[in-house]
Structures are given as C-alpha cells and as structure tokens.
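# Inside the fold
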Amino acid sequence: MTTLTDLYPTRGTTEVSVPRQDPVVWGSPDTPGPIRATDLQRYERDGFLAIDQLIGDDEVTVCRRELERIVADPAIRADERSIVEPQSKEIRSVFEVHKLSPVFAALVRDERVVGRARQILGSDVYVHQSRINVKPGFGAGGFYWHSDFETWHAEDGLPNMRTVSVSIALTENLDTNGGLMIMPGSHRTFLGCAGATPKDNYKKSLQMQDAGTPSDEALTAMAGDYGIKLFTGKAGSATWFDCNAMHGSGDNITPFPRSNVFIVFNSVENTAVEPFAAPIRRPEFIGARDFTPVM
Ligand SMILES: O=C(O)CCC(=O)C(=O)O
Ligand SMILES: [Fe+2]
C-alpha cells in the first residue's frame, strides 16, 4: 500500500481535471547543462523542446543499424518486450532497448541526452522506460491521445510529475508518416480518466489504448485551448516533452518508416511506489523498479 497522498486521482467513475501540482522545470535556471536558459523557459511554458540535431549522421547510421538488428532478431521478436502490430504482425515497439543493446545503452548515458534530463528534473535521473517505436510504412498503427504521466501514475506508481521523455528520430519524421503531435501547454492540467484499470491492461494498451483514454469532449476542449503541434525533423533530431503533455500520433500509411527511440527519465527523488489506480504493477520492462542513476 502506498502511504503518499494521491495528487492526481484517475480511473474513477468520472473524468476529472486537476491543475498541475508540480513544477515543470525542477532544476534552478543556473543548473549547468546543454540546455540554454531561454530554451528551458520555453520548455516550461510549452511542455516540449525540439532539437534540430541531437545526434550526428554517423551516430544515426549506427542506431539505425542497431534498430534493424533488433527487429530482425527472432529471439527478440519472441521476447515479451516486443509488441507486434495486431494486423500485420510486424514489430511495433521493443521495450528496454537500453538493456538489450550496448548502442542504446551508450545513447542513454551520453551527456547530450542525460545532461538535458538532469537539467530539467534538477537531480540525478534513472530510466523508467525505453523503447523503439518502429512504425514501418504501409499501415503501422498510431498512438491515441494520452498523457504518459496518467498511465505512469495509475499503473506504475510514479507519485509526482518529475519525469521527461525524449523521442529521437532515427528516420526522417515527415508531416505525413505518423509524427508525434503535442498540445502545447496541456502539461499544466492533469486529466484524470474515467474507468477502472483491468488486471492485464498493459497487454492490450500497448497495441491499442483503452483505459486511460481521454473523452472526445475533453480532447475537443484541450485542442481548442492549446492547438496541436506536429513535430517533424530529419533523422538525428529530437523532441523532449513533459510527462503530462497531451500527445499522440497517427497511423503511417506512407511507404516511409517513422522509427524513433524513446527514453523516459525519472528523477531519483520520484521513484515508483505502488500503482495509484491499478490492481497490480506492470512488468519491469515497462515500468522500471531498478532506480540506479544513469552515470
Ligand atoms: O511513437 C509515437 O508516435 C508516440 C509514442 C508514445 O506516445 C508512447 O510511446 O508513449
Ligand atoms: Fe506517450
């Protein structure tokens, strides 16, 4: 049983809207790191920060090759960490890539990556989750609108909004191939979703989100207030976004794959407790229980 107060009630009988109770940027403005002060302010305001080139072309080539190796490996495909598309049976996501792969392990530890996470979260950080979202062409499914924090709070027991994700493009993210969309400013309001969490929710939700889904009415109001921004960029570009930003992405019906690696950093001062609104914890490959800081 958790002894912490639940600041963000969710999965009850009705949808509820609660103002954010936590800072967005936890570090002080003079915390040293790769993010400039004006960009940190922008991140605080918008809930995201886009970087034109986080890693270079040679590094992209190495990461792409690694992604192709992972996807082609029959042992990895058979592993529970791989999620396949319900229709085509192609690989949709592979979790814990920083543990499966020395290349992605090195990417996580890279100062350009972890240094930014530390600056935003104002402490040492550990990896709560990592994944590649492969999104091959010709019909790969999208990700319906959600706040990651809603799930991480309800199902993984993260108490506070002190978590940040980075999505690094390993193929060009076009305006047509299922790029990430965020509602700027949405991170300032927590939307508690209606409906109890089924026991094995994660198995279904990784292919198609159900519990933890905002209503059409809430999404209409939020999109009216905030608008929707689509993130495009060449391979090597990246988007940092707050754990409570409302986001999603469409299907990819183009022939051009949209493959990104996502790394989720959580503050070592915000480690997971018991789930706030789910009968059981999700497996550790989705929600880490090893809080060793990235060094
Ligand atoms: O890959 C995408 O477009 C979005 C993925 C996402 O939101 C997630 O993995 O939580
Ligand atoms: Fe997400």
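Residues numbered from 1 in each chain as written. Chains lettered and ligands numbered in written order. Predicted model: local features only at pLDDT ≥ 70, side-chain atom pairs only at ≥ 80, totals over all residues. Heavy atoms only, no water.

## Quick notes on the packing of helix α5 (residues 102-109) against helix α6 (residues 111-121)
Helix-helix packing is described using two parameters, namely the angle between the two axes and the distance between the axes. Running from N to C, α5 and α6 point in directions that differ by 45°, and their axes come no closer than 5 Å. If you check the angle between α5 and α6, you find them oblique. Between α5, through L107, V108 and R109, and α6, the contact on the second element is made entirely by E111, V113 and V114. Split into classes, the residues belonging to the contact of α5 with α6 amount to four nonpolar, no polar and two charged. (Axes fitted to C-alpha atoms, helices over the stretch in contact; angles between N-to-C directions. Helix = DSSP H or I, 4+ residues; strand = E, 2+ residues; numbered from the N terminus. Parallel < 35°, antiparallel > 145°, perpendicular 65-115°, else oblique. Contact = heavy atoms within 4.5 Å. Nonpolar A, V, L, I, M, F, W, Y, C, P; charged D, E, K, R; others polar.)

## Details of the sheet that holds strand β13 (residues 260-267)
The strand order across the open sheet formed by seven strands is β2-β11-β7-β13-β5-β4-β3, and the pairing between neighbours is antiparallel. Whereas interior strands pair on both sides, the edge strands pair on one side only; in this sheet they are β2 (48-51) and β3 (82-84). Across this sheet, the average inter-strand angle for adjacent strands is 15°, counted without regard to direction. Pairing between strand β4 (residues 91-95) and strand β5 (residues 125-133): three bridges, direction antiparallel. The residue of β5 that forms the bridge with F95 is R131. (Pairing = 2+ DSSP bridges.)

## A look at the packing of aromatic side chains
This structure, assessed with the given rule, holds eight aromatic pairs. Chaining the aromatic ring pairs together yields one cluster made of Y8, F149 and F190. The side chain of R92 reaches across the aromatic face of F143, ending 4.2 Å from its centre. Taking the ring centre of F231 as reference, the NZ or CZ of K229 above it sits at 5.2 Å. (Phe/Tyr/Trp six-rings, centres within 6.5 Å; stacked < 30°, edge-to-face > 60°. Lys NZ or Arg CZ within 6 Å of the ring centre and 35° of its normal.)

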